[in-house]
Amino acid sequence: MVDYHAANNQQYSSGGSQAYMEQENDWDRDLLLDPAWEKQQRKTFTAWCNSHLRKAGTQIENIEEDFRDGLKLMLLLEVISGERLPKPERGKMRVHKINNVNKALDFIASKGVKLVSIGAEEIVDGNVKMTLGMIWTIILRFAIQDISVEETSAKEGLLLWCQRKTAPYKNVNVQNFHISWKDGLAFNALIHRHRPELIDYEKLRKDDPVTNLNNAFEVAEKYLDIPKMLDAEDIVNTARPDEKAIMTYVSSFYHAFSGAQKAETAANRICKVLAVNQENEHLMEDYEKLASDLLEWIRRTIPWLENRVPEKTMAEMQQKLEDFRDYRRVHKPPKVQEKCQLEINFNTLQTKLRLSNRPAFMPSEGRMVSDINSAWHKLEGAEKGYEEWMLNEIRRLERLDHLAEKFGQKATIHESWTGGNESMLTQKDYETASLSEVKALLKKHEAFESDLAAHQDRVEQIAAIAQELNELDYYDSPSVNARCQKICEQWDLLGSLTQSRRESLERTEKQLESIDELYLEYAKRAAPFNNWMEGAMEDLQDMFIVHNIEEIQGLITAHEQFKSTLPEANKEREAIQAIQAEVQKIAQYNGIKLSGNNPYTSITPQSIDSKWDKVQKLVPQRDKALQEELGRQQSNDHLRRQFANQANVIGPWIQNKMEEIGQISIEMNGTLEDQLTHLRQYEQSIIEYKPKIDQLEGDHQLIQEALIFDNKYTAYTMEHLRVGWEQLLTTIARTINEIENQILTRDAKGISQEQLHEYRASFNHFDKDHSGVLAAEEFKACLISLGYDVENDKQGDAEFARIMGIVDPNNSGAVTFQAFIDFMSRETTDTDTADQVIASFKVLAGDKNYITAEELRRELPPDQAEYCIARMAPYAGPDAVPGALDYMSFSTALYGESDL
């Protein structure tokens, strides 16, 4: 019996492997109860066994069945151990099978595996757990135990081997033999590490584990002769894949690549030695090149730093400083880094040579670290002197530039201020200005004189700065002197022009004051007169809208009153024009050029005369328009009276007819046929009244064309009368239709005239508002009076809802008399049913379950026979004959019990 909870202390393992065998031989039966793990072990162990059995030309299909007789179990052990086992017994009895299995178990025990708890009987009986445990022991002993990597063996050795091989690969972190393998990347990494041409690892995605696993399994089976031992779905869909199944699978990869491992180790040793040598040579070459380049750069840079040729302008000197800063920021830092790196590389190289037992490195002549430091010290000395010289030169140029800039700023400000002043002082704008404008010009001139005095200091400062620039020998002194001379000459000219303009302004001011008083008087009288004329023109041109004679007569009276005020207005106009004439006379006498505009008003004499002429023309035009409108209103009043005389007759006539029709439908005098005859005669009399309606429509059209919107002679409008007429025609037609439907219902249901009268009496009794329909509550009261149980309880409400669904299928909330009759006739008379129609068809068919087209055409009228033939489905019963039709489904469809 094999005990998987016992330790393996035999000769095939050292201390470390013994501990591992103790751990791995601990067969956890609880885990075997997991169906997913058991499925994975079945598949993996079966594939592993077949990978060896195929060497002997056989294989197993069912791991617990095919090992029961012990024959293939013994053959498996012979193949994997390379040893011969005792001859098996060929009998088929149970005892023969037990003996064969015992021979296999004895062989396993002879290899140092202590067998406990498993006997031949369990294997022969097909015990799945014991069989899987036995195969796992064989795998441990012959496939995993001998694995050794850097003084670790078995499971730890296999795990370390996997970690070493997959370390360079992204998204791979092998820490165990279960979840570390779920995404499939570890399997692909093992294959790619040893056979990179078989796997395109960069195309694999961690989020697609099924594809990754299938890719690795298929490549291993096709190119590495490793059979597929697991399904990708089993691994992905298991929270934690079976560790034993994964270890078995991974051990096959180890053994497949074990030969390549030795070659790789040897190659790594050689590569390591060569890499050290190559790296040292590369460092030597880099040092020589860096040293040469750095010394050459220092040689070229020092002459540039020793150049002391000054520049004329601050801009040129600043550009030189900017070049130096650029040297400090851009060009020198990489060289500092190169110098530092050169020293680091030199020290690193010497250390590596010393550690690898190689002779020390000696650079070429002049390229020692000390040579480079000496050149660098000289560079920094030149750099410091160059910077000090540039700063001093910049300070010198800065003073000159400051003075030149100050001169330019003050000159520009002064020139900007004087620009246009000369032309302003020489212009004669006061000759055509008004008094207020001259006063404003005088005040403006006083402000200018103050501003002129304030600018005296700036002119003196400009001259002083120009003198200092000349003394300091500024390179652009000629242009400064020319500009200063021009400013001084212009200043003297402005002074003389200022005095001349003041005298002219004061003289003109006195002349205009005498005219100003006349302008003011003109403005005071012209403004109200102008407003009066504008108001008059507006009133005379105002569009008026009147609706009757009284309104137009009021407008005519107001117009006559306006005409009586015109003579007095003309006198005021002549007085205003006389003031303006006096202004012109004074201006001519004193030689003053008037601007033509009164400063106190924009009203000109020409505008006053123009508006007065327009008023004179508008008065007779207004007379004519008012008289025309008076005639139109008299015509409109005639149309109103004509329409009202007819409307006041037709309106009451329509109302009386509506009431009479309602009374006829309620009273039920005579039979239904008598009522129908009476209603049709009544309808004819109404139709004969149509010409009067048409005549009224003609009068209404004339009113609309005249744009008359009210009529005080009648309360009726054409719209109301038209709607009333249409309702009258509709009501009489509907009433006739109801009587016709009642006759149809009576004849179809066999209802007597007395019953109809009784129904009508009940309906009218509960039709309180005489609307011709019963509201839901009125209909409910009617049903209760007829003995229906529709009281306000749960059962009564349900019954009332059912009845309302019959009489008011559209949920309008009202029940017509026709619907009421239909309901009452349905409740009190017999009707045909689907069963009765089926029985009738069966008689025509000669008691058969189907009927033919020929029989239908023989027994029914042609149109009804064709109607049935077109809608009957073919009969599909067991006794069907060609052309047989199904009259049963047709009959039920007629009554809505099924679809035709």
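Visitor: Describe the overall build of the protein, with residues and values.
Guide: When you go through the protein residue by residue, the secondary structure sums to 33 helices and 6 strands. Taking 29 Å as the expected radius of gyration for a compact globule of 900 residues, we find that the protein reaches 63 Å, considerably beyond that expectation. Scored against the burial criterion, the 900 residues of the protein give a buried share of 42%. Nonlocal contacts in the protein, meaning residues at least 24 apart in sequence, comprise 71% of its contacts between residues at least 6 apart. For the protein, the accessible surface area stands at approximately 49500 Å², while carbon and sulfur atoms represent 51% of it. Each charge class in the protein can be summarised by its mean position, and for the 105 positive and 148 negative side chains these summaries are 10 Å apart.

Visitor: I'd like a description of the side chain of Arg-501, backed by residues and values.
Guide: Its location among the elements puts Arg-501 in helix H19 (residues 477-541). Its relative accessible area of 5% is what places Arg-501 among the buried residues. Within the structure, the side chain of Arg-501 is placed 2.9 Å from the backbone oxygen of Gln-427, a separation counted as a polar contact. Residues in contact with Arg-501, not counting those within four places in the same chain, are Met-424, Leu-425, Gln-427, Asp-429, Tyr-430, Leu-441 and His-445.

Visitor: I'd like a description of unusual backbone geometry, backed by residues and values.
Guide: For Asn-171, which is not glycine, the phi dihedral falls at a positive 65 degrees. Checked against the element boundaries, Asn-171 lands in the loop between helix H9 (154-166) and helix H10 (185-194). Look at Leu-707: it is not a glycine, yet its phi comes out positive at around 60 degrees. Note on placement: Leu-707 falls in the loop between helix H24 (690-705) and helix H25 (718-749).

Visitor: If you had to explain the side chain of Gln-350 to someone new, which residues and values would you point to?
Guide: Along the polypeptide, Gln-350 turns up in helix H14 (residues 314-355). Since its relative accessible area comes to 16%, Gln-350 is described here as buried. Only 2.9 Å separates the side chain of Gln-350 from the backbone oxygen of Phe-361, close enough to count as a polar contact. With residues near it in sequence (within four places) discarded, Gln-350 still touches Ala-360 and Phe-361.

Visitor: Describe the pattern of salt bridges, naming the residues involved and giving the relevant values.
Guide: Summed over all chains, the structure comprises 44 salt bridges. Where Glu-197 meets Arg-195, a salt bridge forms, and the shortest distance between an N and an O atom there is 2.5 Å. Overall, Glu-197 belongs to the exposed group, its relative accessible area being 54%. Bridged by salt links that share partners, the residues Arg-328, Lys-332, Glu-383 and Glu-387 form one connected network.

Visitor: Account for the packing of aromatic side chains, with residues named and values stated.
Guide: For any pair of aromatic rings, geometry is given as the distance between the ring centres together with the angle between the planes. Inspection of the entire model under this criterion finds 30 aromatic pairs. Judged by centre distance (5.4 Å) and plane angle (50 degrees), the rings of Trp-304 and Tyr-386 are tilted. Taken together, the residues Trp-304 in helix H13 (residues 243-305) and Tyr-386 in helix H15 (residues 369-418) connect sequence positions 82 residues apart. Residue Tyr-386 is classed as buried on the basis of its relative accessible area, which comes to 1%. Linked through ring pairs, Trp-297, Trp-304, Phe-324, Tyr-327, Trp-376, Tyr-386 and Trp-389 together constitute an aromatic cluster. Over the ring of Phe-142 we find Arg-141; its NZ or CZ atom is 5.2 Å from the centre of that ring.

Visitor: I'd like to hear about the environment of Leu-497, residue by residue, with values.
Guide: Note on placement: Leu-497 falls in helix H19. With a relative accessible area of 18%, Leu-497 lands in the buried category. Distance from Leu-497 to Glu-422, taken between C-alpha atoms, is 7.6 Å for residues 75 residues apart in sequence. In this view, Leu-497 contacts Glu-422, Leu-425 and Thr-426; residues no more than four positions away in its chain are not counted.

Visitor: Lay out the packing of helix H5 (residues 71-81) against helix H8 (residues 128-144) in plain terms, naming residues and giving numbers.
Guide: Relative to each other, H5 and H8 sit at 10 degrees, their axes nearing to 11 Å. Accordingly, the angle class assigned to the pair H5 and H8 is roughly parallel. Listed contacts from H8 to Leu-73, Leu-77, Ile-80 and Ser-81 of H5 are Met-134, Ile-138 and Phe-142. Tallied by class, residues from the contact of H5 with H8 come to 6 nonpolar, 1 polar and no charged.

Visitor: Please provide a residue-by-residue account of the nonpolar core, values included.
Guide: Judged by nonpolar contacts, the single largest core of 78 residues is most densely connected at Trp-181, Phe-187 and Phe-253. The element that contributes the greatest number of residues to this core is H8, accounting for 11 residues. Phe-253 has contacts with Trp-161, Phe-187, Leu-190, Ile-191, Ala-220, Leu-224 and Ile-226, leaving out every residue within four places of it along the chain. By size, the runner-up hydrophobic cluster in this structure holds 49 residues, among which are Ala-647, Leu-696, Met-718 and Leu-774.

Visitor: Please set out the confidence of the model for the protein residue by residue, giving values where relevant.
Guide: Across the protein, the average pLDDT comes to 82, with 91% of residues at or above 70. Mean pLDDT per element in the protein: helix H1 (residues 15-24) is the minimum at 40, and H10 is the maximum at 94. In this model, residues 1-33 is a region of pLDDT below 50 whose contacts with residues beyond four sequence positions or in other chains number 87 contacts.

Visitor: Lay out the environment of Gln-145 in plain terms, naming residues and giving numbers.
Guide: Tracing the backbone shows Gln-145 in the loop between H8 and strand E1 (148-149). Taking relative accessible area as the criterion, Gln-145 reaches 4% and is therefore assigned buried. Along the chain, Gln-145 and Gly-157 lie 12 residues apart, while their C-alpha atoms are 9.2 Å from each other.

Visitor: Which residues make up the packing of helix H6 (residues 94-110) against H8, and what values go with them?
Guide: As a packed pair, H6 and H8 sit with axes 11 Å apart at the nearest point and diverge in direction by 35 degrees. Seen along the crossing, H6 lies across H8 with a hand that is left-handed. Along its contact with H6, which presents Leu-105, Phe-107 and Ile-108, the element H8 presents Met-134, Thr-137, Ile-138 and Phe-142.

Visitor: Tell me about the environment of Ala-464, and name the residues and values.
Guide: Here Ala-464 is to be found in helix H18 (residues 456-471). Put simply, Ala-464 and Phe-823 are 359 residues apart on the chain and 124 Å apart in space, counted from C-alpha to C-alpha.

Visitor: Explain helix H23 (residues 672-687) to me, using residue names and the numbers behind them.
Guide: The end-to-end C-alpha distance of H23, which contains 16 residues, comes to 22 Å, matching closely the 22 Å that a straight helix rising 1.5 Å per residue would cover. Among the residues of H23, Leu-672, Gln-675, Leu-676, Leu-679, Tyr-682 and Ile-686 are the ones counted as buried. The buried residues of H23 occupy an angular sector of 125 degrees when projected down its axis, which confines them to one face.

Conventions and cut-offs
- Residues numbered from 1 in each chain as written.
- Predicted model: local features only at pLDDT ≥ 70, side-chain atom pairs only at ≥ 80, totals over all residues.
- Heavy atoms only, no water.
- Helix = DSSP H or I, 4+ residues; strand = E, 2+ residues; numbered from the N terminus.
- Rg over C-alpha atoms; globule rule 2.2 N^0.38 Å.
- Buried < 20%, exposed > 50% of the residue type's maximum accessible area, 1.4 Å probe, protein only.
- Contact = heavy atoms within 4.5 Å.
- Areas by Shrake-Rupley, 256 points an atom, 1.4 Å probe, with all protein chains shown as cover.
- Lys, Arg positive; Asp, Glu negative; His and termini not counted.
- Charge placed at Lys NZ, Arg CZ, Asp CG, Glu CD.
- Polar contact = N/O pair within 3.5 Å; in protein donor to acceptor, adjacent residues only side chain to side chain.
- Salt bridge = Lys/Arg side-chain N within 4 Å of Asp/Glu carboxyl O.
- Phe/Tyr/Trp six-rings, centres within 6.5 Å; stacked < 30°, edge-to-face > 60°.
- Lys NZ or Arg CZ within 6 Å of the ring centre and 35° of its normal.
- Axes fitted to C-alpha atoms, helices over the stretch in contact; angles between N-to-C directions.
- Parallel < 35°, antiparallel > 145°, perpendicular 65-115°, else oblique.
- Nonpolar A, V, L, I, M, F, W, Y, C, P; charged D, E, K, R; others polar.
- Core = buried A, V, L, I, M, F, W, Y, C linked by side-chain atoms within 4.5 Å.
- pLDDT = per-residue confidence, 0-100.
- Left-handed = near helix turned anticlockwise from the far one by under 90°.
- Expected span 1.5 Å × (residues − 1).
- Arc of directions from axis to C-beta.

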